[in-house]
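Fold and geometry: a report
Each chain, written out:
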Amino acid sequence: MSEIDSKLGRRAFLNQAGLNFGALAAAAMLGDELAASQVERGLPHFAPKAERVIFLTQSGGPSQIELFDYKPDLHKLAGTELPDSVRQGQRLTGMTKNQKQLILPPITRFDAHGQCGALIGEWLPHLGSIADDVCFVKSMVTDQINHAPAMTKFLTGHQLPGRPSFGCWASYGLGSMNKNLPDYVVLLSRMKRGSDQPLYDHYWGSGFLPSKHQGVKLRSAKDPVLYLNDPDGFPRELRRDMLDSLASLNRHHHAQTLDPEIETRIDQYEMAFRMQSSIPELTDLSDESESTFQMYGPDSRRPGSYAANCILARRLAERGVRFIQLFHPDWDHHSRLRSWCVSRCIDTDQPSAALVADLKRRGMLDDTLVIWGGEFGRGVAGQGKWDSPLAGRDHHPRCFTVWMAGAGIKPGFSYGATDDFSYNVVENPVHVRDLHATALHLLGIDHDRFTHRHQGLDFKLTGVEESHVVDGILA
Amino acid sequence: MNSRTHVAAFARRWISHTAHALATVATSLALLAQASVTHADDVSFSRDVLPVLSDRCFHCHGPDESNREAGLRLDVEEHAKEDRGGYAAIVPGNLEDSELWRRITTDDEYEVMPPTDSHRKPLTESERAAIREWILSGATWGKHWSLEVPTRPEPPAADRHPIDAFIESRLAGEGFSLSGRAAPHTQLKRLTLDLTGLSPTPQDVADFDGSDQAWNDAIDRLLQSPRNAERMAMWWLDAARYSDSDGFQQDATRQNWPWRDWVIRQFRDNKSFRDFTIEQFAGDLLPDATEEQILATCFHRNHMTNGEGGRDPEESRIDYVIDRINTTGTVWLGLTLGCVQCHSHKFDPISHQDYYSLSAFFNSIDEDGKAGMNAKPYLEYTSPHVQDRIDEMASFVQQCEAEHERARQSAERRFDDWLHDRVESKPADHQVWWTPTPGVSSSEGTLFRVEADQTVQTHGPKPTQDDYRVALEVPTPMEQVSGFRIEVLPDDAHVEKRFTRDGNGEFTLTSVLAMVRRQGSPSEIPLELRSVVADVEADEKRDTKWDQRYAKVGKTLNDDARDGWTTEGVEKIEPHVAVYQLATPWQVRPGDQFVILLRQRSTHGRANIGRFKIALAAERGETVRRVDGDSPIAELVRTLNDGNQVDEALRKRLLAQYLLGDADYQAVAKKRDSAKKQLADLKNQAKPRKVMVLAEREKPRETHILVRGVWDAKGETVQRAVLPSVLDWPATQATSRLDLARWIVDSENPLTARVAVNHLWQIMFGQGLVRTPGDFGLQGELPTHPRLLDWLAVELIQSDWDLQHILRLIATSETYRQSSVASAELLASDPDNRLLARAPRFRLPAWMIRDNALHVSGLLSTAVGGPPVRPYQPEGVWAEITMGRFDYQPSVGPAQYRRTVYAFWRRSSAPTFLFDSAQRRVCEVGVRRTNTPLHALTLLNDVSMLEASRALADAVVGAEDQVVDGRLQNLAMRVLSRELSEEELAELKAVLDSATEIYDGDPKMAVEYCTVGQQSPPRPEFAPQTAAWMTVASLLLNLDEAMTRE
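Owing to the predicted nature of the structure, the values given are computational and were not obtained by experimental measurement.

Regarding the overall build of chain A
When helices and strands are counted, chain A shows 14 helices and 17 strands. Here the C-alpha radius of gyration of chain A, 23 Å, is about what a compact globule of 475 residues would show, namely 23 Å. Referenced to the eigenvectors of the C-alpha coordinate spread, the extents of chain A come out at roughly 80 × 50 × 45 Å. Evaluated residue by residue, chain A yields a buried proportion of 59% over its 475 residues. A separation of at least 24 residues holds for 74% of the contacts in chain A among residues at least 6 apart in sequence.

Regarding the overall build of chain B
Counting its secondary structure elements, chain B contains 36 helices and 18 strands. On the principal axes, the C-alpha backbone points of chain B span a range of 115 × 75 × 65 Å. Across the 1046 residues that make up chain B, the buried fraction comes to 52%. Intrachain contacts of chain B at a sequence separation of at least 6 include 71% that bridge at least 24 residues.

What to know about the interface of chain B and chain A
In this complex, chain B contributes 97 residues to the contact, which on the side of chain A involves 88 residues. Mapped by element, the contributors of at least two residues to the side of chain B that touches chain A are strand 9 (524-527), helix 27 (824-829), helix 29 (877-881), helix 30 (933-941), helix 33 (982-1000), helix 34 (1003-1010), helix 35 (1023-1037) and helix 36 (1040-1043) of chain B. Of all the elements, helix 33 of chain B adds the most residues to the side of chain B that touches chain A, at nine residues. Split into classes, the residues belonging to the side of chain B that touches chain A amount to 34 nonpolar, 37 polar and 26 charged.

As for the sheet that holds strand 6 (residues 466-473) of chain B
Residue and element names in this part refer to chain B. Within the open sheet, the five strands sit side by side as 3-6-14-8-9. Their pairing is antiparallel. On the outer flanks of this sheet lie strand 3 (438-442) and strand 9, each paired with one strand and no other. On average, each strand axis in the sheet is inclined to that of its neighbour by 25°, with strand direction left out of account. Strand direction decides the pairing type here: strand 6 and strand 14 (residues 593-600), joined by eight bridges, are antiparallel. Across the sheet, the residue bridging to Val 470 is Ile 596, located in strand 14.

Considering unusual backbone geometry
The omega torsion of the bond from A:Leu43 to A:Pro44 falls at -5°, within 30 degrees of zero and hence cis. Assignment of secondary structure puts A:Pro44 in the loop between helix 3 (33-40) and strand 1 (52-58). A cis amide bond links B:Met113 with the next residue in sequence, B:Pro114, at an omega value of -10°. For B:Ala70, which is not glycine, the phi dihedral falls at a positive 55°. Checked against the element boundaries, B:Ala70 lands in the loop between helix 4 (58-61) and helix 5 (77-81). A positive phi angle, near 45°, is found at B:Arg241, a position not held by glycine. You can see B:Arg241 is positioned in the loop between helix 12 (226-239) and helix 13 (257-268).

With respect to the confidence of the model for chain B
Residue and element names in this part refer to chain B. Averaged over all residues, the pLDDT of chain B is 92; the fraction at 70 or higher stands at 96%. Every residue in residues 1-11 is under pLDDT 50, and counting partners more than four places away or in other chains gives 22 contacts. In the model, residues 16-41 has pLDDT below 50 throughout and makes 41 contacts with residues more than four positions away in sequence or in other chains. For this predicted complex, the interface confidence comes out at an ipTM of 0.89, alongside a pTM of 0.87.

Let's talk about the packing of helix 23 (residues 752-765) of chain B against helix 24 (residues 786-798) of chain B
Residues and elements named next belong to chain B. Two numbers describe how helix 23 lies on helix 24: the axes approach to 8 Å, and their chain directions differ by 105°. The orientation of helix 23 relative to helix 24 falls into the category roughly perpendicular. Between helix 23 and helix 24, the contacting residues are Ala 753, Arg 754, Ala 756, Val 757 and Asn 758 on the first element and Leu 789, Leu 792, Ala 793, Leu 796 and Ile 797 on the second. Among the residues making up the contact of helix 23 with helix 24, the classes are represented as eight nonpolar, one polar and one charged.

Let's talk about the packing of helix 14 (residues 273-282) of chain B against helix 22 (residues 737-744) of chain B
All names here are of chain B. Between helix 14 and helix 22, the shortest axis-to-axis distance is 9 Å and the interhelical angle comes to 155°. As judged from the angle between their axes, helix 14 and helix 22 are roughly antiparallel. The handedness of the crossing between helix 14 and helix 22 is right-handed. Between helix 14 and helix 22, the residues in contact are Thr 277, Ile 278, Phe 281 and Ala 282 and Arg 737, Leu 738, Leu 740, Ala 741, Arg 742 and Ile 744, respectively. Among the residues making up the contact of helix 14 with helix 22, the classes are represented as seven nonpolar, one polar and two charged.

Points about the domain arrangement of chain B
Here chain B is partitioned into domain 1 (45-142), domain 2 (387-427 + 667-689), domain 3 (433-630) and domain 4 (941-1043). Taking only C-alpha atoms into account, the centre of domain 2 of chain B sits 31 Å from that of domain 4 of chain B.

Overview of the pairing of strand 9 (residues 377-383) of chain A
Residues and elements named next belong to chain A. Counting buried positions along strand 9 yields seven of seven residues, so the element is predominantly enclosed. The sheet contact formed by strand 9 and strand 10 (residues 392-396) spans four bridges and is antiparallel. Across the sheet, Gln 383 pairs through a bridge with Gly 392, a residue of strand 10.

Here we look at helix 17 (residues 352-359) of chain B
All names here are of chain B. In terms of residue burial, helix 17 counts as a mostly covered element, since seven of its eight residues are buried. The set of residues buried in helix 17 consists of His 352, Asp 354, Tyr 355, Tyr 356, Ser 357, Leu 358 and Ser 359. In this fold, the buried residues of helix 17 make contact with helix 16 (313-333), strand 17 (703-706) and strand 18 (714-718).

Some words on helix 16 of chain B
Taking 1.5 Å per residue, 21 residues should reach 30 Å; helix 16 of chain B reaches 29 Å between its end C-alpha atoms and fits that length. Within two residues after helix 16 of chain B, B:Gly334 carries a phi angle of roughly 60°, on the positive side.

A closer look at the environment of B:Gln255
Residues and elements named next belong to chain B. By the secondary structure assignment, Gln 255 is in the loop between helix 12 and helix 13. A tally of 21 C-beta atoms within 10 Å means that Gln 255 is categorised as buried. Each C-alpha atom, one on Gln 255 and one on Ala 828, is 50 Å from the other, the two residues being 573 residues apart in sequence. Excluding its chain neighbours within four sequence positions, the residues that come into contact with Gln 255 are Arg 689, Lys 690 and Val 691.

Observations concerning the confidence of the model for chain A
Do not read the fine detail of predicted coordinates wherever pLDDT is low. Summary statistics for chain A give a mean pLDDT of 89 and a share of 91% for residues scoring 70 or more. Predicted confidence is poor over residues 1-32 of chain A, with pLDDT under 50, and the contacts of this stretch with residues over four places away or in other chains come to 28 contacts.

As for the pairing of strand 13 (residues 576-587) of chain B
All names here are of chain B. In terms of burial, strand 13 is largely enclosed, as nine of its twelve residues are buried. Pairing between strand 7 (residues 480-488) and strand 13: eight bridges, direction antiparallel. Of the residues in strand 13, the one forming a bridge with Glu 487 is Val 577. Bridge analysis of strand 10 (residues 529-534) against strand 13 gives five bridges, and the strand direction is antiparallel. Its bridge partner lying in strand 13, Leu 529 is registered against Leu 582.

Here's the deal with the environment of A:Ser339
Mapping A:Ser339 onto the fold places it in helix 13 (residues 337-361). On the basis of neighbour counts, which here come to 27 C-beta atoms within 10 Å, the residue A:Ser339 falls in the buried class. Once residues lying within four places of it in the same chain are set aside, the contact partners of A:Ser339 are B:Ala561, B:Arg562, B:Arg601, B:Ser602 and B:Thr603.

With respect to the environment of B:Trp801
Residues and elements named next belong to chain B. The residue Trp 801 is located in the loop between helix 24 and helix 25 (803-811) in this model. Taking the C-beta count within 10 Å as the criterion, Trp 801 has 21 such neighbours and is therefore assigned buried. Considering only alpha carbons, one finds Trp 801 and Arg 132, 669 residues apart in sequence, at a separation of 42 Å. The contact partners of Trp 801, leaving out residues within four places of it in the chain, are Ser 272, Phe 273, Arg 274, Val 745 and Leu 796.

What counts and what doesn't
Residues numbered from 1 in each chain as written. Chains lettered and ligands numbered in written order. Predicted model: local features only at pLDDT ≥ 70, side-chain atom pairs only at ≥ 80, totals over all residues. Helix = DSSP H or I, 4+ residues; strand = E, 2+ residues; numbered from the N terminus. Rg over C-alpha atoms; globule rule 2.2 N^0.38 Å. Buried ≥ 20, exposed ≤ 12 C-beta atoms within 10 Å, placed from the backbone. Contact = placed C-beta atoms within 7 Å. Nonpolar A, V, L, I, M, F, W, Y, C, P; charged D, E, K, R; others polar. Pairing = 2+ DSSP bridges. Axes fitted to C-alpha atoms, helices over the stretch in contact; angles between N-to-C directions. pLDDT = per-residue confidence, 0-100. Parallel < 35°, antiparallel > 145°, perpendicular 65-115°, else oblique. Left-handed = near helix turned anticlockwise from the far one by under 90°. Domains from an automatic or database assignment. Expected span 1.5 Å × (residues − 1).

As structure tokens, then:
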């Protein structure tokens, strides 16, 4: 309680002072740009539970049937046709609309984990070790059945590209906690497999918000951030000299023009210079202990892997970055679940669990919201011959599972339910926009009041349709 | 001549500054005396009342019937004033009886409007006052300003340039006046950048005396320059969401670039905006349509396309139709039609039905929703702009070939020396493969025993799938690792004495990864594998219970577990071997550990390798591409030991291997190979291109209202119709796309001309007169100078839609030529510069910064048109988002220095060197100007910027002028179009000195810094000097002044 009070304390002071210049000036006097940007938008609306978000995006649509949504009775119905009463005219993709919808029961064994007894598919053994910290939302719903529109919806609230993504909204609303790093950082797993679903840069794009809020991609390359490194043969001390002169000449020009934009530019060049040391310091894992690598698994030694990115996510969180988003591609298992889906589980299981455990042991899970999930689920009918090892599953928008952990989320809990076919949600549906509303709520933001005017309309992340904070998953 | 055309004639003559015209105009304007509909001295309905009603009331009491509360609408006069049983929302002249007034002023929280829970702001005092005045003065209704047909207002002063007259009149009202003219060089720089996107040359600056004559000449010269056409095209390509790729799913490459060249040609010819519009909407429907006119219609095919496997093509097709409507709305009409896809507009008078009636014009295109190269209809078009590019590249290839030949000869001499040494020294032995002791671990529990000869035998658990991790200390004698081999060995204890301890005895390897761990580092550096060969692979057509995809060893190079290597079906039991070649040999440091990951994650499982042995090689090429373990050097050693001569065949193989390791030769060879490949690509582009265009189906499709905008929720049928609230045309007059086009550019259409001149104003002033260029509706901003906007709009129409005429008009005004220096007082009272008491000062678009850097450094290619080129981007930016499907190879030769308008645009990864740019996914007409550290990093470190710095350095280092001051002024004239002050000179000299000191002390570093892009290394004696000047040049290019209009 006292922790929340103290968190609210200073901001409440600023808020209560009203959204006037007095408050802005007070914030500026504190030398606190962060507070100034929040006060300008009247944020947060209330005491936040989460200071930051780590979004573990699983691109392609992981199978809830193999991994989370245990439906043992399906074995009795193996190979039978999905009843029309269940399908209810649900649209199919062009890949399976011409084949019979024959039931493929889960091909994994499910085990109970933790005190809460969460049932988790055998391909995610490490997730079991943090089951008591996790809340499974098994009743997720979206309205898009193809990847790009569904992922765009999942991340921006709308199926067409052009809206700001969730992380940009967070950056826009809450500002930065670290002057040397961007507010919103994106990490892609490096993988060698020509994917049919590129990770479009609009997934972390700022849409109509100022582009400084867009996600900055941290790459596992010579330049962790594009253009970060000075050219070969250009020593650091010369860069310093050059920037000093640059600033001096710019100030000279400012004195003549009085254009305030010049002062901003001088500051930005200085921040660029600071980033040139803060980013390498961030991405250099040599100060991590051996036990960290053991915890995150052998892949964590390989820069660019999902596991290494999970360690980076924790380091970013430690450094006050507001929104950290990982993307792991290739969850689109239309066939061969036993090799394809398994591989993505191996890539992600141990590091995801380690990240949550690591945050917890460092006392950071209390104010970090972790979200794991993809853009939709997968259907109960087999794609291809249902009884062949080559069978897979097609896209399914009507139900899927995400899990969350940390700040303000009810731990060791499972929310919502699907029917016996893992097809329709029968209890506590959570639409993608409800997930957005809930995550914003944890950040101290009322999604209905958090808008940006563009082309004459007040846009918000949750869009025009009604959306709700999911109280049932809040601790 | 009627009075309106008279005025147009005036405006054109004004520019020629004839006193006679001035006199004529003064009289004719007096005849015109028409008040603007948007202007009123007191409260104006459209300016003061309608926007408030729109913002606070229309959401629930507006055009959208599905969201209408209490059956009340306030957007239509009759409804707002109708008797609602003893009261009305608005009773003219009577506040007490006006329910609206009561509701916006009440304290009752249940009655107050807008309702508290709507999250709409309550009305401000001044908004209430305006409504009060308006009701009391009779509540006169009117249209939203932009929907009234513009009439030409009288400029407030007859003896001034009309633009200045309007601007000054508003300024006078606020107690301000125009600033004085900017310095001549500033004016010229501003004009040249605005019209061409490039700075004036030092010669241009020297020639310009600031006189009106010189100014007019400059305007003419710049408008006629091809650079102007390219600059204008950039505006249009953003609006057109032009891209070289589809944007969805596989983001396939398109061939629409001839349309981009069409756009440039239209601007070159100053095509009337009327015809420009008509051809893009309906060039195919014009009588005897030419190929060029059909090409024009590609505008409406520049939308994204989605060929995702699971997608219904009809859904995609509907998306494309919708995109065309929304684009038309934003680009030509300044209307946000996007919302009307789902429901009637909440603010503007456009109904759901209007929207779909409009969409009907685009609903019968002969398309089927497919993407990639199946996105018919196409025009097979042969571009006239390719041959020149081919010739240019061919001559570059010739240069490269000559250079290659020289490099080859000198490398061959080095080789002969090397071979000679070998022959002389007669080495006794040569070890090709090294087998260090492996440390092996398993992810799933398999146990390992390492035998004396480093063979690894598994035992213990038998997991279904398993990853083996093999760590090898690199043996000391190895200086590099070029590849490794994996031997898969049979054993008597295995199933069927074959290769595994489980399953059927056959193994399946799904992926192989190689890494290096440096001593003291916890991380492992991933190494790229270039190739793999095996002694034998399973037959892909074999009869098997397994997935036949498991066969080829090449499949172990990807991260896909659904394929991989097996020798299943090969009867004979014998060791098998796979040899992997690294893309670049790893240069070994002491303590390096080589890590190999063997993933065995097959669908069938139980196929983990039972026994294996791993070895490393150092030789390049052939050695790591053959499976028998032999190598050319080993053969050489044997030959020499046997006392035989090296024959030509062996010498050739040795040379081939040697060349792979000769860095100087490789750099030249790589360049030649790229050039040859790019030449081949160009030759391919010379063939007819399939440009996506419009064509009508024979049988039109029925158009339906789509309920909530959902593609398959078909509501009632609608017929083609234009937007009646904009300009009502009878159904008989609007039956085809061509009619739609004519409606858009009809002189009575209130929007198009206003929107177009606003774009031009934005080009010249950085912001439009309406600062929401895509929204002239109720929720958009009001124009800062409504009467000026109308005057310009009418001028555009009456000049036969002559865009250059409007640009010239703007450029000849004092408003445009004034200084941008603002007093603190002015900055405080008008921070956004809405009044234009000063010229705007704004950062150039990123593309202009790049183009201009190339231009001022003399690198820029002035070639016009042709296939897309690829400016430098950091390595891997395409590969990382597509998991390696696309690879980006920068253009070589002069093609690298083309303007950004010709740069390849991939939608899934917009060019990295551009910031704040339009994204080309949907149309964009606004501007973004943010200021972030990432922009700073780009301009400091992008190769194009560095190469421009180098070229600038070469220009002064090679110049006759040896005096530092002179050299600095030379650079400043190029980059800033002005000379530096003493103080500035001193500042730059300080940097020059410290750079010189650093590079004098380390000439090698200087060479490294200067060798950037396609620039050759400087001569060693010039290197420190060049590097120092390059530092100064880079500094200048990063000055705020250099990336800003002035």
